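# A look at the structure
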Amino acid sequence: MYKIAILDEDKAYLERLMVFLEEHYRDRFEISAAGCLDDLDQEVTQYNALFFSDDVAVDAALFPEDIIVGYLTERSEEDEQYINKYQSMEQIYRRMLKLCEGQAGTGSADSTASAKRDNSTEESGALQAETVTADGDTYRIYYIDDGQVDRLAVRMLAGNRIRGLFQTEYQNGGVRICITDMQSLYEYVQKNNTPRGKKQLLKFFSDMLSTACSLEEYMLSADRLMLNPKEIYVNHAQDRVLIPYIPVKSDAPQDSRQCLEQIRDMCSVLIEGSVQTEGGVRPKDNTQIEDSMQIEDRTQKRGGPVAKSTGEDTIAPDSQRPKESTKTIRKGITAYIIRKRTQEKIVINRSPFKLGKDASYVDYYIADNPAVSRNHADIVRKPDGFYLIDKGSLNHTFVNGRKLAEGVYGKLENGCLVQLADEVFEFKLKQEKNV
């Protein structure tokens, strides 16, 4: 076992590297970490190797010859002592071990990837996105506020070719991915309703699971994957799917289990849609299974208004709001929602039908999700159908991925998705017979 010290002023990077090494290679390394030499809990002579980042000033000539000195660098690798800090964690470990064992390993092929950068911008809880064409190529661009960018993730994406993720670049305030000659996974499912197409779809889902499971090695979080079939693209030339990774900060990231469950749910919905198409029924437009990053498409590249509603999420103006006196839904049509996490069926038997976690007030009590507000949202019925209204919730309400402003009604159509914070329901309408 080698006793090593890693010195880096970037505490977030240092913590992630430490967690990886201690979890996977505690039998090879005994590790100490600090921002500078003065913060180490032992004398440097007690270590077999010292690894310094670019921001830690050091004169290697001052150390005894039997102490190995390495550098975790963002600059070019000059020799085996210099290890690119934004390659995979596994590659960093191997380079450290080779250096400790006195084995020369340049590893340049592992650390030289295209130096593209990315960024993004998030507004009002909805990730703004647009599709643009430039010089004959088609690009998808995602925008988030500069203060929300995870700089470590940006550098990881720039320094590695990660299977299953788009190569990205930062341009004009957004993450840009090239989707030339690709089609969305949503489009693929609609156009390939054949035994071969379904077999290929299962392969795509297997690839997505492998991608999600590999992110820890690159210190990336699975909850930043854009798990929306309309944002995932099929690369026919390489026979695989590519998922956008949005490098935004997250105070409470999902664990890998939650991400895998999202992929599973998306798989179930898409396969269900393809089976319905095979039987002669048009597939339901309920495939916008998304993570916490909701999408709003810009109608123009610059300065254009954000599209507020199309198709299933038509927003009713305030003047069309129904009266909120409680009344029983008349017979003829049964409305209900299905809680995706538990498959529980909840009948909408009154208007308004209140959803939240205040058991003394609401009609459906969501006890096991702290992200849901006490009086989160109501489902109300008007002469032309059902609507969802946000009641001032902390973590917002969505219809098919479109965030509803407080007090604004979103139209509910058969098969659409209702989302309270991160709790997802499917809205269903059933025509009763003999009415």
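The present account deals with the structure reproduced in this document. In this text the structure is predicted, and so the values were computed from the model without any measurement. (Residues numbered from 1 in each chain as written. Predicted model: local features only at pLDDT ≥ 70, side-chain atom pairs only at ≥ 80, totals over all residues. Heavy atoms only, no water.)

## Points about the nonpolar core
Among the nonpolar cores identified, the biggest contains 53 residues, and Met96 and Leu220 are the most heavily contacted of them. In terms of residues, this core owes the most to one element, helix α2 (residues 89–100), which gives 7 residues. With near-sequence residues (within four places) excluded, Met96 lies in contact with Ile4, Ile6, Leu17, Leu21, Phe29, Phe51, Leu72 and Ile83. By size, the runner-up hydrophobic cluster in this structure holds 21 residues, among which are Leu355, Tyr364, Val372 and Phe386. (Core = buried A, V, L, I, M, F, W, Y, C linked by side-chain atoms within 4.5 Å. Buried < 20%, exposed > 50% of the residue type's maximum accessible area, 1.4 Å probe, protein only. Helix = DSSP H or I, 4+ residues; strand = E, 2+ residues; numbered from the N terminus. Contact = heavy atoms within 4.5 Å.)

## Considerations on the sheet that holds strand β5 (residues 82–84)
A sheet is described by the order of its strands in space; here 5 strands give the open sequence β2-β1-β3-β4-β5, paired in parallel fashion. Two strands lie at the open edges of the sheet, namely β2 (29–34) and β5, each paired on one side alone. On average, each strand axis in the sheet is tilted by 25 degrees relative to the strand beside it, whichever way the strands run. Pairing of strand β4 (residues 68–73) with β5, which is carried by 3 bridges, proceeds in the parallel orientation. In the sheet register, Thr73 faces β5, and the bridge partner there is Asn84. Sheet contacts for α2: β1 (2–7), β2, β3 (49–53), β4 and β5; angle to β4, the most-contacted strand, approximately 160 degrees. (Pairing = 2+ DSSP bridges. Axes fitted to C-alpha atoms, helices over the stretch in contact; angles between N-to-C directions.)

## Quick look at the packing of aromatic side chains
Following the criterion strictly, the structure yields 9 aromatic pairs and no others. The rings of Phe20, Tyr25, Phe29 and Tyr93 are connected pair by pair, giving a single aromatic cluster. The ring of Tyr186 carries the charged tip of Lys230 above its face, separated from the ring centre by 4.5 Å. (Phe/Tyr/Trp six-rings, centres within 6.5 Å; stacked < 30°, edge-to-face > 60°. Lys NZ or Arg CZ within 6 Å of the ring centre and 35° of its normal.)

## Focus on the environment of Glu231
Assignment of secondary structure puts Glu231 in the loop between α6 (195–214) and β12 (233–235). Since its relative accessible area comes to 4%, Glu231 is described here as buried. Expressed as a C-alpha distance, the spacing of Glu231 and Ser184, which sit 47 residues apart in the sequence, is 6.3 Å. Looking at Glu231, its side chain comes within polar contact range of the side chain of Arg140, at 2.8 Å. For Glu231, the side chain forms a polar contact with the side chain of Tyr142, separated by 2.6 Å. (Polar contact = N/O pair within 3.5 Å; in protein donor to acceptor, adjacent residues only side chain to side chain.)

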